[in-house]
Amino acid sequence: MSQEPLRIHITTDPMFAENGYTIFMRDGGPCWIIDPGLPPQADQISAFVAKHQLRPEAIILTHAHGDHIAGVDGVIAAVGDLPVHLAEPEWPMLRDPCENLSAAIGAPVTVAAEDVRDLAVGAELQLDGTRWLVGDVAGHSPGGRSLYCAEQGIVIVGD
């Protein structure tokens, strides 16, 4: 159990006001990047990671609508290859702008990341001494997920 408070850096895209998160415990430590969305989020997140000398371990997607995935490739280009964690029912949305709803707004989004891993309900993830449980919040999307850390008293959800 970590004694440090969780630190959360939030970026917000100007089009939909979608939040992207960088969560970490300490400068120089590991971090997760959650829901990197539309520009300029990928650049802002990458700059923050560099400034705080963070070591990204993964990109985690609460779901795969276009506004939550648009920055994935930009973050990977800036910080290096990372696994992308996303509920398996949403994997087709990464490659199909109609499925991820971005085609409908005339700004088709696709993700080229190759290392995509299932974010399964009930899975337990570890970040720098903290324990996170993956929850099912399907409805807004078929495989919506939440991340819950009891010791920090926080849950992260997409929309």
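In every chain, residue numbers begin from 1 and rise along the written sequence. A pLDDT threshold of at least 70 governs which residues receive local features in this predicted model, and a stricter bar of 80 or more applies before side-chain atom pairs are shown or counted, although totals over entire chains, interfaces and linings include all residues. Hydrogen atoms and water are omitted, and side-chain values are computed over all heavy atoms in the structure.

**A closer look at the overall build of the protein**
Thought 1: In DSSP terms, a helix is any run of H or I states spanning at least four residues, a strand is any run of E spanning at least two, and both are numbered starting from the N terminus. A count of helices and strands for the protein gives three helices and 10 strands.
Thought 2: Reading the secondary structure of the protein in the N-to-C direction produces β-β-β-α-β-α-α-β-β-β-β-β-β.
Thought 3: Radius of gyration: C-alpha atoms only; globule rule: 2.2 Å multiplied by the number of residues to the exponent 0.38. Taking 159 residues into account, the globule formula puts the C-alpha radius of gyration at 15 Å, and the protein, at 15 Å, falls close to it.
Thought 4: Judged by the C-alpha coordinates and their principal axes, the protein covers about 45 × 35 × 25 Å.
Thought 5: A total of 159 residues make up the protein; the buried ones form 48% of that total. A simple rule labels every residue: compare its accessible area, found with a 1.4 Å probe on the protein chains alone, to the largest value its type can have, and call it buried under 20%, exposed over 50%, or partly exposed in between.

**Describing the side chain of Thr130**
Thought 1: Here Thr130 shows up in strand S8 (residues 130-136).
Thought 2: Take Thr130: its relative accessible area is 0%, and that puts it in the buried class.
Thought 3: We call two N or O atoms a polar contact when they sit within 3.5 Å, provided that within protein one can donate a hydrogen and the other can accept it, with sequence-adjacent residues counted only if both atoms are side-chain atoms. Reaching out from Thr130, the side chain makes a polar contact with the side chain of Trp132 at a distance of 2.8 Å.

**Brief notes about the pattern of salt bridges**
Thought 1: Any carboxyl oxygen of Asp or Glu within 4 Å of a side-chain nitrogen of Lys or Arg constitutes a salt bridge here. Enumeration according to the criterion identifies five salt bridges in this entry.
Thought 2: Among the salt bridges present, the one from Arg26 reaches Asp128, with a minimum N-O distance of 3.0 Å. Placement of Arg26 in the loop between strand S2 (19-24) and strand S3 (30-34) and of Asp128 in the loop between strand S7 (124-127) and S8 is noted, with a sequence separation of 102 residues between them.
Thought 3: Between Asp115 and Arg117 there is a salt bridge, with the nearest N and O atoms lying 2.9 Å from each other.

**Digging into the nonpolar core**
Thought 1: Residues belong to a common nonpolar core when they are buried Ala, Val, Leu, Ile, Met, Phe, Trp, Tyr or Cys residues joined through side-chain atoms within 4.5 Å. Ile59, Leu61, Ile69, Val72, Val75, Val84 and Leu94 are the most contacted members of the largest nonpolar core, which has 24 residues in total.
Thought 2: Listing elements by their share of this core, those giving two or more residues are S3, helix H1 (41-51), helix H3 (72-79) and strand S5 (84-86).
Thought 3: Sort the elements by how many residues they give to this core and H1 lands first, with four residues.
Thought 4: If we ignore the near neighbours within four places in the chain, the residues touching Leu61 are Asp35, Pro36, His68, Ile69, Val72, Val84, His85, Leu86, Leu94 and Leu119. Any two residues whose heavy atoms approach within 4.5 Å are treated as being in contact.

**Quick word on a nonpolar patch on the surface**
Thought 1: Residues Leu133, Val137, Tyr148, Val155 and Val157 make up a contiguous nonpolar surface patch of about 370 Å² in total accessible area.
Thought 2: Summarising the element assignment, Val157 is placed in the segment after strand S10 (154-156).
Thought 3: Assessed through its relative accessible area of 35%, Val157 is described here as partly exposed. For patch building, the residue pool is restricted to those with more than 30% relative accessible area and no salt bridge; the joining distance is 9 Å between like charges and 5 Å between nonpolar side chains (Val, Leu, Ile, Met, Phe, Trp, Tyr). For accessible areas, the Shrake-Rupley method is used with a probe of radius 1.4 Å. Any residue's cover is judged against the shown protein chains and nothing else.

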